[in-house]
Amino acid sequence: DTEWVERLRALLALSVRIVDVVTAVLGLGVVLVVGNTIRLEILNRAAEIEVIKLVGGTDAFIRRPFLYLGLCYGFAGAVGAALLIVAVLALLAKPTAAVAGLYGSDFTLEGLSAADAAILFAGGALLGWAGAALATARHLRAIEPRRFSFPEDHGPHHGYRHEWWYFTGNLETAEGRRFGYQLT
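Attention in this report is confined to the structure presented alongside it.

Definitions and cut-offs
- Residues numbered from 1 in each chain as written.
- Predicted model: local features only at pLDDT ≥ 70, side-chain atom pairs only at ≥ 80, totals over all residues.
- Heavy atoms only, no water.
- Helix = DSSP H or I, 4+ residues; strand = E, 2+ residues; numbered from the N terminus.
- Rg over C-alpha atoms; globule rule 2.2 N^0.38 Å.
- Contact = heavy atoms within 4.5 Å.
- Salt bridge = Lys/Arg side-chain N within 4 Å of Asp/Glu carboxyl O.
- Buried < 20%, exposed > 50% of the residue type's maximum accessible area, 1.4 Å probe, protein only.
- Patch = residues over 30% accessible without salt bridge, like charges linked within 9 Å, V, L, I, M, F, W, Y side chains within 5 Å.
- Areas by Shrake-Rupley, 256 points an atom, 1.4 Å probe, with all protein chains shown as cover.
- Pairing = 2+ DSSP bridges.

Bringing the overall build of the chain into the picture now. Helix and strand counts for the chain come out as four helices and two strands. For the chain, the N- to C-terminal ordering of α and β elements is α-α-α-α-β-β. Taken over C-alpha atoms, the radius of gyration comes to 30 Å for the chain, far larger than the 16 Å a tight globule of 184 residues would show. Along the longest, intermediate and shortest principal axes, the C-alpha atoms of the chain span 115 × 30 × 30 Å.

Here you go:
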């Protein structure tokens, strides 16, 4: 019987290690998904970010809302995970009790303790914040206001899909009335 117990302990130790690896992979997945979501948010607001930088906004000022958003995404994901745990435990409670009863055991599945839930929520929020921090650190540096250089910028800009050309001027009639015009 001790040989069987040793095999069971070895399988349990292996299971714990597998759960640890899966947890780390899922945590990395959370960081990547939140980071990609924040990257898309940054790209959607690129013009707004350029204007903020033009009027003197620092990267730290621009980064703050994205960090809060990542924190909220991570926390919301943790709440979703906690609800999923509650649902799965509710589905498995009766079958587990039936199996335990067949072996003469009073084993029951237990949900998250308050401390476990706090760790889950804090960890989720921290992972969301980390994903947002990585995304903002990388992508905010790439968005800089366009600097114009004259006379080079008076010609065509082949790297742009659309370009507007303006021809403006002033006219004055014989009576002295002045008019401005613009051709686009």
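Next up on the list: the environment of Ile52. Within the secondary structure layout, Ile52 lies in helix α2 (residues 46-54). Considered as a pair, Ile52 and Ala82 are 30 residues apart in the sequence and their alpha carbons are 38 Å apart. In contact with Ile52, other than residues within four places in its own chain, are Gly57, Phe61 and Ile62.

Enumeration over the complete set of coordinates arrives at four salt bridges. In this structure, Glu6 engages Arg9 in a salt bridge whose closest nitrogen and oxygen atoms are separated by 3.7 Å. You can see Glu6 and its partner Arg9 sitting in helix α1 (residues 2-44), three residues apart, about one turn around the helix. Relative accessible area serves as the criterion here: at 48%, Glu6 is assigned to the partly exposed category. Judged by relative accessible area, which is 54%, Arg9 ranks as exposed.

Taken together, Leu84, Val88, Leu91, Leu92, Phe107 and Leu109 make up a surface patch of nonpolar side chains, about 570 Å² in accessible area. Tracing the backbone shows Leu84 in helix α3 (residues 59-102). Overall, Leu84 belongs to the exposed group, its relative accessible area being 57%.

What follows deals with the pairing of strand β2 (residues 178-183). Counting buried positions along β2 yields zero of six residues, so the element is predominantly exposed. Note: strand β1 (residues 167-172) against β2, six bridges, orientation antiparallel. Note that in β2 the partner of Glu172 across the bridge is Arg178. Linkage of β1 to β2, two consecutive antiparallel strands, is achieved through a turn of five residues, within which Gly176 is found at a positive phi near 95°.

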